[in-house]
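Tertiary structure, described
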Amino acid sequence: MTLILQSFNSTRMLIYHQFLQCPSPPWRLWSCCVHCHTVSEVVLQLSDQKGPSNNQVIKRRRKERPSCPSVLDRFDEQYSQELGDLWASSRAVLLDPHSWQYGVMLNRFSAVTDITQILQSQGFSSLLLQTHVSRVLSNAPPIVSNTEYKAGNESVLPTTYVSKCPRDDGTTNAFSQELQLESSLRLSRPSLQCYIHPYPLWFPSQAHRPGQLKQYYLLNAASLLPVLALHVRDGEKVLDLCSAPGGKAIAIMQCAKPALLCCNEPDPHRRDWLSRTLESFLPHSLNTRVIVSAQDGCYFGQHEAGTYDKVLVDAPCSNDRSWLYSSSSQQGEQRLKERSRLPALQAQLLRSAMSAVRPGGVVVYSTCTLSSSENFAVVETVLNDCPEAELEDLWEEIAIPLSKYFTFSPAHPDHGQTLHKPPLQPQNSTLSSYQHRLGILVVPQPGKTWGPMFLSRIRRRK
Ligand SMILES: C[S@@+](CC[C@H](N)C(=O)[O-])C[C@H]1O[C@@H](n2cnc3c(N)ncnc32)[C@H](O)[C@@H]1O
């Protein structure tokens, strides 16, 4: 096992996890958990089972990239007004990429048992399994049985897989039996599984392996909330209106067996990226049910009015995390200039989604910005324009049960576990309680660095 830490300039380094040697074929992974604010380069050495000659060195360079001053100034001005006290701590998180946490979403179409073991041994725990939200989702009656799944060849997870992961003494243990049970449950009852760590642990992304599906997708765990809010059921027709690079499309396919998932993306480069994601995570047998389209989402609803049961609008927005690290001040300023056009585009996409959904169907609108004009204001505009739009409450269903993991605005003043539902007067925010009822906003905070993520759910009246 080799772990080389290079170029660190402080003793503030803390390694708080044991190295783990995983016996799973075809590769061995030694991994470690490093928490360090000043380490600028970490080299992890991975070795496959064929021996040291096949060693592969993976370098992870954490560049100390400066934030863009003009973007930061604009955010300071706007978000201190909109978020009040929450902005100072959120700002600290956004300005410290070393503190960012990553979620690991498992791919149920791949063999994931070994990954589950690795994650659990490293202190990752399942985000959604124990929550009210997942209970709501898993209470949906399983329409397909285990055998139907296998006949449809939609999972490559053999039921005997865990027997290939013996204990050191060659026997299988209670843990592997538990995993076996979990595996068969996953087959019979699709469920979204995401593992998170309390610390900002880096987990390696998976390279393309010809003929094999990827086992997991790394993401900001808050990105799963819009998918949970969509409540996709087996047999439904679903539209992912702004789909690339496809993280939420993959998450949708973990939750249920839709009759159709249409992934729309007008930008050709991003559409290629989307296609590669779908290919890497979904089996060929789903090719007729998961399709890619290339329309301008603003007009999608005109062409396919009333067609879909569920529509996700994960809109283009000022992506706060990435905008703060614009590659040059020129790029940052250009983005800020174009920012004023976003609310109109977002409202147009949301209107189009309201046309594409059938009466009684559901639209979820989401962004990854804290900006109120791209979040609450867009939803408010469209509600005013569409008499058939009916807002649904996400506080009881998502914000309150998941407040252990995410900080939602308005948070309790002490930033503790308790969350105030918005009809109560917000105490540390300048947004009105009416605005807060338009959706829920995940605000990155120390220790819960997920977000920014805004989501709102609207039902089209019958
Ligand atoms: C926030 S990203 C979507 C992320 C994606 N849902 C995921 O989870 O991986 C927004 C996407 O909307 C696309 N987009 C921009 N303008 C659009 C339009 N007029 N119609 C549809 N999509 C658009 C962008 O190219 C971008 O890929």
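Check the entry above for the structure.
Notes on the structure follow. (Residues numbered from 1 in each chain as written. Predicted model: local features only at pLDDT ≥ 70, side-chain atom pairs only at ≥ 80, totals over all residues.)

1. Here's the deal with helix 3 (residues 113–121)
Within helix 3, burial applies to Thr113, Asp114, Ile115, Thr116 and Leu119. Just past helix 3, the residue Gly123 takes up positive phi, approximately 95°. (Buried ≥ 20, exposed ≤ 12 C-beta atoms within 10 Å, placed from the backbone. Helix = DSSP H or I, 4+ residues; strand = E, 2+ residues; numbered from the N terminus.)

2. Structural notes on the packing of helix 1 (residues 69–83) against helix 2 (residues 86–94)
Packed helices, taken two at a time, are described by the angle their axes make and the gap between the axes. For the pair helix 1 and helix 2, the least separation of the axes is 8 Å and the interaxial angle reads 135°. Taken as axis vectors, helix 1 and helix 2 run oblique relative to one another. Along the contact surface, helix 1 presents Tyr79, Ser80 and Leu83, while helix 2 presents Leu86, Trp87 and Ser90. For the contact of helix 1 with helix 2, the class distribution of residues is four nonpolar, two polar and no charged. (Axes fitted to C-alpha atoms, helices over the stretch in contact; angles between N-to-C directions. Parallel < 35°, antiparallel > 145°, perpendicular 65-115°, else oblique. Contact = placed C-beta atoms within 7 Å. Nonpolar A, V, L, I, M, F, W, Y, C, P; charged D, E, K, R; others polar.)

3. A look at the environment of Ala356
Within the secondary structure, Ala356 is located in helix 13 (residues 342–356). Each C-alpha atom, one on Ala356 and one on Ile398, is 25 Å from the other, the two residues being 42 residues apart in sequence. In contact with Ala356, not counting residues within four places along its chain, are Leu239, Phe300, Gly301, Glu304, Ala305, Thr307, Tyr308 and Val311.

4. Some details on the site of the ligand
Contacts to the ligand come from 20 residues, most closely from Cys242, Gly247, Lys248, Gly297 and Asp314. Looking at the shell around the ligand, its residues break down into eight nonpolar, six polar and six charged. (Near = placed C-beta within 6 Å.)

5. A word on the nonpolar core
Counting 96 residues, the largest nonpolar core has Val311, Val313, Ala353 and Val363 as the members making the most contacts within it. Tallying contributions element by element places helix 13 first for this core, with seven residues. Setting aside residues no more than four positions away along its own chain, Val313 makes contact with Leu241, Cys242, Leu349, Leu350, Ala353, Val363 and Tyr365. (Core = buried A, V, L, I, M, F, W, Y, C linked by C-beta atoms within 7 Å.)

6. Here's the deal with the sheet that holds strand 10 (residues 125–126)
Strand order across the open sheet formed by four strands is 10-11-9-12, with antiparallel pairing between neighbours. Strands at the two margins of the open sheet, each flanked by one partner only, are strand 10 and strand 12 (216–219). The pairing of strand 9 (residues 103–106) with strand 12 spans four bridges and is classified as antiparallel. Opposite Gly103, over in strand 12, you have Leu219 as the bridge partner. (Pairing = 2+ DSSP bridges.)

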